Structures are given as structure tokens and as C-alpha cells.
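Observations on chain architecture
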Amino acid sequence: MKTKPTLALSDEQTQRFKEQGYLQLENISPPEEVEFLKSVYDRLFAEKAGRRQGAYFDAVSIDEDDNKPHTSPQILDPVLFAPELKETVFRANGLAIAKQLLGSKAYGSFEHAILKPPGIGAPTPWHQDEAFRLDYAPGYDEISIWMPLQPVDTTSGCMEFLPGSHRQPVLRHASPGNDPRIHALACVDDFDQTKAVACPLPAGGCTIHHTRTLHHTGPNISPNPRRAYILAFALPVKPDYKFARPFPWNLEKQTASEQRKRDWRKRGGFAVEFVRKIQKKVTKLTHDA
Ligand code: NI
């Protein structure tokens with residue numbers, strides 16, 4: 001990418017990430033960029049961008065009714081629906097940080113946008129991101145950089161982490177209420193929630209967490225929308241199919257968004273997906289360069 005990074009982690013920050021499994025920064029994207037992102041973001045959610053192809057969904061409901069208010073709507077890979085998101089200081093800084101934390105082969109693996117509407121934004125259950133993985137690979141290494149587009153605190157759903165939890169294996173997860181139609185996952189193993197650390201942030205600040213770090217966000221009971229934009233970066237790995245066993249909680253999932261994705265593929269979406277895969281490979285090679 002053309003945009004250059006504007007920051008680097010100190011040795012102390014890198015060390016803290018290794019020990020705690022997360023990190024907090026006050027500024028990863030400049031104020032004018034955050035304003036620009038907010039306008040893109042609000043347009044994408046107003047349009048429900050990607051709804052027909054399974055990219056837009058409500059993470060905490062059965063997500064079949066378009067007329068009911070969604071309390072945790074998300075858009076996977078929003079950059080596909082807004083190419084102007086490709087060149088941002090946020091992305092340049094994110095990639096630079098990922099290379100510091102993971103190594104020079106780190107590349108942008110995934111991104112998503114999450115909106116918690118004012119007053120009704122639902123909490124996100126405690127989980128480890130790795131529990132969502134379908135293509136499990138032992139030693140999978142990925143980080144997520146979570147940036148709010150307005151200030152966040154515990155009344156609007158800021159991130160909360162369990163320090164050091166990235167050193168555990170993937171714990172047992174289940175669909176909320178054991179309903180496999182719901183996209184979200186909730187950790188059902190025991191852990192000490194009293195050790196959780198909340199991370200309030202200014203707009204354009206961020207938290208960075210490892211894919212295995214336990215985290216959650218509370219509800220948004222504030223009068224403002226809570227917008228978060230997340231970039232994930234990973235190291236390339238070859239899934240080890242000999243040892244790979246899909247997580248049972250993922251095998252039973254039957255979400256409406258997956259069905260919409262399958263229907264879209266049948267209507268020709270598979271060709272669009274193929275082109276996107278090639279483009280992603282090209283981007284990955286550019287990142288490596
Ligand atoms: Ni998560």
C-alpha cells in the first residue's frame with residue numbers, strides 16, 4: 001500500500017502484549033480520517049451493504065427478519081463494499097504493528113465493522129476469536145486491532161480483556177442459548193471474570209489483542225451509536241489437516257447469513273468470490289514485498 005505508517009510500538013509495549021495478550025493505544029488513526037471513516041461506515045450500515053451475500057448480519061439474533069431492529073449488526077470485509085477503505089493510516093499503522101508483533105510475514109487477513117445502536121446495542125459474549133475458526137491450524141497466530149470511531153467506555157461497549165488468557169488453549173464455546181442459528185459464540189468454560197480489564201478509548205485509539213485472548217464488550221446504553229472498525233492480521237500457516245478437528249460448536253451452526261451466502265453463490269456469487277480471492281493473494285504478496 002502507498003500510505004506510510006506513522007507509529008511504531010516501543011519495546012515495552014511489545015513486551016506487554018506478549019505478557020498480557022492485549023495492548024491499548026491512544027491514537028492509531030488521525031481525527032480527520034476517523035471522521036471520514038465514520039461517514040463511510042454510516043453509509044454502509046444504512047445500506048446494509050452485503051446483506052444478500054451474507055456479509056451483513058446481526059450477530060446476536062436469528063437474523064431472519066429485516067424489519068426488526070438489529071442490536072449487533074456487523075459487516076464482514078467492509079472494504080469490499082467501500083474500496084476507499086483500502087488506503088488509510090489505520091491500515092498502514094495496523095500492518096506495521098502486526099509486523100512488529102508477529103513478524104515480517106504478517107498480512108491483512110480479515111476485517112469487519114460492528115455497530116451497537118444507541119440504547120439497544122447488545123453485549124457481545126465472552127469469547128476467544130480463534131473459536132470461530134473453521135480452518136484450524138495448530139499454533140495459529142493472528143491479532144485484531146479494534147478501533148472505535150467515537151469515544152468508548154463501559155456504558156457504550158468498550159473492549160474488556162482477561163489478561164494473560166492468550167496462554168490458555170481454546171476453551172469450550174457454544175452458541176448463545178444453544179441456538180445454532182445465532183452467529184455469536186460464548187465461552188462456556190470457567191474463568192475468573194473479576195480479573196477483566198475494561199479499556200475505555202478516545203475516537204481513533206485502539207486495542208490490539210491476540211486471537212486467543214478472552215474478551216467481550218458490554219451493551220451500548222449510551223445515547224450514541226458505538227462504531228468499531230476491526231482489522232485482523234495473521235501469519236501465513238498451512239492448516240494441519242492430520243490434527244485438525246473442527247470445533248463442534250462450529251459444525252452445528254445454521255445461520256441465516258450462511259444460507260444467504262450459499263444462495264448468492266448459486267446465483268453467480270462464486271465468480272465474484274473467485275476474483276476477490278485472487279485480489280487478496282495479490283495484496284498479500286504486496287504486503288510481503
Ligand atoms: Ni472477538
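It should be emphasised that the depicted structure is a prediction, and the values quoted were computed from it without experimental measurement.

Focus: the side chain of Ser 144
By the secondary structure assignment, Ser 144 is in strand β6 (residues 142-148). Leaving out residues up to four positions away in the same chain, Ser 144 has contacts with Asp 129, Thr 207, Ile 208, His 209, Ile 230, Leu 231 and Ala 232.

Looking at the pattern of salt bridges
Counted by the stated rule, this structure contains 14 salt bridges. Arg 260 is the salt-bridge partner of Asp 63, the closest N and O atoms lying 2.8 Å from each other. Here Asp 63 is found in the loop between β2 (56-58) and β3 (73-76), whereas its partner Arg 260 is found in helix α5 (residues 256-288), with 197 residues between them in sequence. The residues Asp 63 and Arg 260 share a single accessibility class, namely buried. Measuring nitrogen to oxygen at the nearest pair gives 3.0 Å for the salt bridge that ties Asp 192 to Lys 195. Within this structure, Arg 43, Glu 47 and Glu 84 form a network of salt bridges that share partners.

Comments concerning the pairing of strand β11 (residues 206-210)
Burial analysis of β11 places five of its five residues in the buried class, the great majority of the element. Neither face of β11 is open: one carries Cys 206, Ile 208 and His 210, the other Thr 207 and His 209, and all of them are buried. Where strand β1 (residues 22-25) meets β11, four bridges bridge the pair, whose relative direction is antiparallel. From the neighbouring strand, Leu 23 faces β11, where its bridge partner is Ile 208. Two elements, β6 and β11, share four bridges in a ladder whose sense is antiparallel. Counterpart to Ile 145 in the pairing with β11 is Ile 208.

Comments concerning the nonpolar core
Counting residues in hydrophobic clusters, the biggest one holds 38 residues, and the most contacted among them are Ile 75, Ile 97, Ile 143, Ile 145 and Ile 208. Mapped by element, the contributors of at least two residues to this core are β1, α2 (31-47), α3 (89-102), β4 (107-116), β6, β11 and β13 (226-234). Excluding residues that lie within four positions of it along the chain, Ile 143 makes contacts with Phe 17, Ala 98, Leu 101, Leu 102, Ile 208, His 209, His 210, Leu 231, Ala 232 and Phe 233. Val 152, Met 159, Cys 199 and Leu 201 belong to the second-largest nonpolar core, a separate cluster that totals 11 residues.

Structural notes on the coordination of the nickel ion
Around the nickel ion, the protein contributes the donor atoms His 127 (NE2), Asp 129 (OD) and His 215 (NE2), which lie 2.1 Å from the metal centre. Positions of the donor residues of the nickel ion, expressed as sequence spacing, correspond to H-x1-D-x85-H. Of the two residues, Asp 129 sits in the loop between β5 (124-127) and β6 while His 215 sits in strand β12 (residues 215-217), which places them 86 residues apart along the sequence. Given a relative accessible area of 4%, His 215 falls into the buried group.

A closer look at the sheet that holds strand β10 (residues 197-199)
Within the open sheet, the four strands sit side by side as β5-β12-β7-β10. Their pairing is antiparallel. In this open sheet, the two edge strands, each paired with only one partner strand, are β5 and β10. With strand direction ignored, the average angle separating the axes of adjacent strands in the sheet is 20°.

Overview of the sheet that holds β1
By way of backbone hydrogen bonds, the strands of a sheet pair with one another, either parallel or antiparallel. Taken in spatial order, the seven strands line up as β1-β11-β6-β13-β4-β3-β2 in an open sheet, and their pairing is antiparallel. Each edge of the open sheet is held by one strand with a lone partner, namely β1 and β2. Ignoring strand direction, the axes of neighbouring strands in this sheet form an average angle of 20°. Both β4 and β13 contribute to a ladder of nine bridges, which runs antiparallel. Residue pairing in the sheet places Tyr 107 in a bridge with Ala 234 of β13. Across the sheet, α3 touches β1, β4, β6, β11 and β13, and the angle it forms with β13 is around 45°.

Cut-offs applied
- Every chain begins its residue count from 1, and numbering advances along the sequence as written.
- Local features in a predicted model are, by the rule used here, given only for residues with pLDDT of at least 70; side-chain atom pairs are given and counted only at 80 or more, and totals for whole chains, interfaces and linings are based on all residues.
- To get the side-chain values, take all heavy atoms of the structure and skip hydrogens and water.
- What counts as a helix is a DSSP run of H or I of at least four residues, what counts as a strand is a run of E of at least two, and both are numbered from the N terminus.
- Here a residue-residue contact requires only that any non-hydrogen atoms of the pair lie within 4.5 Å.
- Between Lys or Arg on one side and Asp or Glu on the other, a salt bridge is scored when a side-chain nitrogen of the former is within 4 Å of a carboxyl oxygen of the latter.
- Relative accessibility decides the category of a residue: with a 1.4 Å probe and only protein chains considered, values under 20% of the type maximum give buried, values over 50% give exposed, and everything between is partly exposed.
- Two strands pair if DSSP finds at least two bridges between them.
- The criterion is simple. A nonpolar core is a set of buried Ala, Val, Leu, Ile, Met, Phe, Trp, Tyr and Cys residues joined through side-chain atoms within 4.5 Å.
- Only N, O and S atoms count as donors, using a 2.8 Å cut-off from the metal and 3.2 Å for Na, K and Ca, and because water is excluded some sites may appear unfinished.
- To define axes, lines are fitted to C-alpha atoms, for helices over the stretch in contact only, and angles between the resulting N-to-C directions are given on a 0 to 180 degree scale.

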